[in-house]
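So you can see what is in the structure, the chains are spelled out below.
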Amino acid sequence: MRRKVIAGNWKMNKDFGEVEQFFVGTNGVSFCDSIRGTKNEVIICPPFIDIAQTVRFTEGSNIHVGAQNCYFEKNGAYTGETSASMLIGANVEYVIIGHSERRQYFNETNEIVSFKVNAALKVGLKPIICVGETLKERQEGVQKQVIENQVRSSLPSISDLSNVMIAYEPIWAIGTGKTATPKDANEAIKFIRSIVKDMYDNDVANDVIILYGGSVKASNAKALFEMPDIDGGLVGGASLDPIEFAEIVNFNKKQV
Ligand code: PEP
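Now for a quick tour of the structure. Computed from a predicted model, the values in this text were never measured in an experiment. (Residues numbered from 1 in each chain as written. Predicted model: local features only at pLDDT ≥ 70, side-chain atom pairs only at ≥ 80, totals over all residues. Heavy atoms only, no water.)

### Re the packing of aromatic side chains
In total, this model carries 12 aromatic pairs according to the counting rule given. With 5.8 Å between their ring centres and 10° between their planes, Phe31 and Phe245 make a pair best called stacked. Linking Phe31 in helix H2 (residues 31–34) with Phe245 in helix H12 (residues 242–249), this pair joins segments that are 214 residues apart in sequence. Judged on exposure class, the residue Phe31 and its partner Phe245 are both buried. By the ring-pair criterion, three or more aromatic residues cluster together here, those being Trp10, Phe22, Phe23, Phe31, Phe57 and Phe245. Here Lys14 stacks its cationic end above the ring of Trp10, 5.3 Å away from the centre of that ring. Across from the ring centre of Phe191, 4.9 Å away, lies the NZ or CZ of Lys144, which sits over that ring. (Phe/Tyr/Trp six-rings, centres within 6.5 Å; stacked < 30°, edge-to-face > 60°. Helix = DSSP H or I, 4+ residues; strand = E, 2+ residues; numbered from the N terminus. Buried < 20%, exposed > 50% of the residue type's maximum accessible area, 1.4 Å probe, protein only. Lys NZ or Arg CZ within 6 Å of the ring centre and 35° of its normal.)

Following this line, the structure appears as structure tokens:
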């Protein structure tokens, strides 16, 4: 079911002490307390090493824990990798798959992304599948083909996408301070919905959760997340600061 979802991607940031600082807070209000009244779904995706601690700090709160990657094999001689079932065993509910940094620095292809999505779903781990074009592709006017290719090759061949989210992250907007305008982001996400409709059906396309990611901040979250096709955001840099991330999560909280 469509709802507003705010997911924080901590990337390779925060050691043990910094995770504690994030949750304990600095002004006497813990991070969990600062977002307690929200109706939005909140997900935090820490590095693997911080998962157990994040699970502990978020116990009994409305925060869900995600990972930033998983491997598609179940177990075996794959040094340095972590399987989807291991994540489930560690109380992880979501996993980001196909983030542009993984595609760029770790050579993840659409095929690998698709293997990982299927491996996650098989064990009940919910994938957040990232798609988006580079600046060059946008300037060359091929962004629609790139996005369509990514969406078609990454989505699973099951009829139900209720455990799948898509994140549209134009690569030129990630970590650069350049945000897509709400109108452009909404147009791209509407386009993704039209591909989902073609692959599945109208109901699936209307129900699938599609997030926007790329330099989301407290100052632009409301304008982006109130667009009709945008169901929330995947937030990188701004999710590292508990006060700013709480402001983003609370973008639609009524003032009293
Ligand atoms: C991301 O890592 O998915 C992201 C969108 O990063 P940032 O918000 O820093 O642009």
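### What to know about the site of the ligand
By nearness alone, 14 residues border the ligand, and Lys11, Glu169, Gly175, Ser215 and Gly237 come closest of all. One nitrogen or oxygen atom from the side chain of Lys11 is found 2.8 Å from an oxygen atom belonging to the ligand. For the ligand, an oxygen atom lies 2.7 Å from a polar atom in the backbone of Ser215. When its residues are assigned to classes, the shell around the ligand shows four nonpolar, eight polar and two charged. (Near = heavy atom within 4 Å. Polar contact = N/O pair within 3.5 Å; in protein donor to acceptor, adjacent residues only side chain to side chain. Nonpolar A, V, L, I, M, F, W, Y, C, P; charged D, E, K, R; others polar.)

### Topic: the environment of Asn9
Tracing the backbone shows Asn9 in strand E1 (residues 5–9). Take Asn9: its relative accessible area is 5%, and that puts it in the buried class. Along the backbone, Asn9 and Asp50 are 41 residues apart, and their C-alpha atoms lie at a distance of 12 Å. Once you skip the residues sitting within four places of it in the chain, Asn9 turns out to touch Cys45, Gln68, Ile96, His99, Leu234, Val235, Gly236 and Ser239. A polar contact of 3.0 Å, which involves the side chain of Asn9, links it to the backbone nitrogen of Lys11. (Contact = heavy atoms within 4.5 Å.)

### As for the pattern of salt bridges
Under the counting rule described, the total for this entry stands at 15 salt bridges. Arg2 serves as the salt-bridge partner of Asp231, at 2.6 Å between the closest nitrogen and oxygen. One end of the pair, Asp231, is in the loop between helix H11 (221–225) and strand E8 (232–235); the other, Arg2, is in the segment before E1, and 229 residues separate them in sequence. Judged by relative accessible area, which is 3%, Asp231 ranks as buried. Classification of Arg2 as partly exposed rests on a relative accessible area of 28%. A salt bridge links Glu140 to Lys136; its shortest N-O distance comes to 3.2 Å. Residues joined by salt bridges that share partners form a network here, namely Arg2, Arg193, Asp229 and Asp231. (Salt bridge = Lys/Arg side-chain N within 4 Å of Asp/Glu carboxyl O.)

### A look at the side chain of Glu41
For Glu41, the position within the fold is in strand E2 (residues 41–45). Note on Glu41: relative accessible area 11%, which makes it buried. Apart from residues lying up to four places away in sequence, Glu41 is in contact with Arg3, Lys4, Val5, Ile6, His64, Tyr94 and Met165.

By themselves these figures say nothing about function.
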